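Structure at a glance
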Amino acid sequence: AVVSTVITVSATTTAGMAGTYSLTVTDANGCQRQGTTVVTVNTLPSAVGTSTAVCSGSLVPAMNFTTTPATGVTVTWTNSNTGTGLAASGAGNITGYTAPVVAAQEVGVISVIATNTGTGCVSVSAPAATYTINPLPVVTQTATINNPTS
């Protein structure tokens, strides 16, 4: 009879733990079986954007995420504050847009989920960057006119 048992081992791993391991399994009757297994440790992907601060009504530059590894990583993102004029979520790089006119500072924290399409490894970066929209200063004018008498 063939008996198959799956043994799951969970551990925090480091790249130095990769390699070939020998296993010896002993059942309740004292019977042993040896085997080997190859352990591959994949590094987590990452994605980072550049934080930006602009004035109300100005052009907000595109946010092109830098990923590690440089290829094979997909990025999805969320924005904590749609008051910055950016959608609540999206995928890929963020295109430039015109900032809304704001009366008070609006800050959006951009969090990203980076997925390595080759390994399936996923990581979350929060915050990856921020968008800050600053209000324009308020200009107050006063004039004093003296009317001389003739």
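A brief look at the structure comes next. (Residues numbered from 1 in each chain as written. Predicted model: local features only at pLDDT ≥ 70, side-chain atom pairs only at ≥ 80, totals over all residues. Heavy atoms only, no water.)

Regarding the overall build of the chain
To be explicit about the condition: A run of H or I in DSSP counts as a helix once it spans at least four residues, and a run of E counts as a strand once it spans at least two, with each numbered from the N terminus. Whether a residue is buried, partly exposed or exposed follows from its accessible area with a 1.4 Å probe, protein chains only, as a fraction of its type maximum: under 20%, in between, or over 50%, in that order. It only takes one pair of heavy atoms within 4.5 Å for two residues to be counted as in contact. We get accessible surface area from the Shrake-Rupley algorithm with a probe of 1.4 Å; when it comes to residues, only the shown protein chains can shield them.
A tally of regular secondary structure across the chain gives zero helices and eleven strands. In the chain, the order of α-helices and β-strands from amino to carboxyl end is β-β-β-β-β-β-β-β-β-β-β. Relative to its full complement of 150 residues, the chain shows a buried share of 24%. Counted over contacts in the chain with a minimum sequence separation of 6, partners at least 24 positions apart contribute 57%. In the form shown here, the chain has an accessible surface area of approximately 10,400 Å², with 55% of it arising from carbon and sulfur atoms.

Some thoughts on the environment of Asp27
For the record, the criterion: Definition of a polar contact: a pair of N or O atoms within 3.5 Å, with one able to donate and the other able to accept a hydrogen when the atoms are protein atoms, and with sequence-neighbouring residues admitted only if both atoms are side-chain atoms.
Relative to the elements of secondary structure, Asp27 occurs in the loop between strand E1 (19-26) and strand E2 (32-39). Residue classification places Asp27 among the partly exposed residues on the basis of a relative accessible area of 38%. Polar side-chain contacts of Asp27 include one of 2.9 Å to the backbone nitrogen of Asn29.

Observations regarding the sheet that holds strand E11 (residues 122-134)
Our working definition: Any two strands are treated as partners once DSSP identifies two or more bridges connecting them. To get an axis, fit a line to the C-alpha atoms, keeping to the stretch in contact for a helix; angles then go from 0 to 180 degrees between the N-to-C directions.
The strand order E4-E11-E10-E7-E8 describes an open sheet built from five strands, whose pairing is mixed. Across the chains shown, the open sheet's two edge strands, defined by having one partner strand only, are strand E4 (52-55) and strand E8 (89-91). Neighbour to neighbour, the strand axes of the sheet diverge by 20 degrees on average, direction disregarded. Bridging between strand E10 (residues 106-116) and E11 involves nine bridges; their strand directions are antiparallel. Its bridge partner lying in E11, Ala114 is registered against Ser123.

What to know about a nonpolar patch on the surface
Our working definition: Patch members must show over 30% relative accessible area and no salt bridge, and they are joined within 9 Å when carrying like charges or within 5 Å when they are nonpolar side chains of Val, Leu, Ile, Met, Phe, Trp or Tyr. Definition used for salt bridges: Asp or Glu carboxyl oxygen within 4 Å of a side-chain nitrogen of Lys or Arg.
Together, Met17, Tyr21 and Val39 make up an exposed nonpolar region whose accessible area comes to about 220 Å². Topologically, Met17 is positioned in the segment before E1. By relative accessible area, which is 32% here, Met17 ends up partly exposed.

Things to note about the nonpolar core
Filter applied, for reference: Take the buried residues of types Ala, Val, Leu, Ile, Met, Phe, Trp, Tyr and Cys, join any two whose side-chain atoms come within 4.5 Å, and each joined set is a nonpolar core.
Counting residues in hydrophobic clusters, the biggest one holds 20 residues, and the most contacted among them are Phe65, Ile94, Ile110, Val112 and Tyr131. Top contributing element to this core by residue count: E11, with four residues. What Val112 contacts, discounting residues up to four positions off in sequence, is Ala47, Phe65, Val75, Thr76, Trp77, Ser123, Val124, Ser125 and Ala128.

Section: the side chain of Thr132
Mapping Thr132 onto the fold places it in strand E11. A residue is classified by how much of its surface remains accessible, and Thr132, at 12% relative accessible area, is buried. Once residues within four sequence positions are removed from consideration, Thr132 is found in contact with Thr52, Ala53, Val54, Gln105, Glu106 and Val107.

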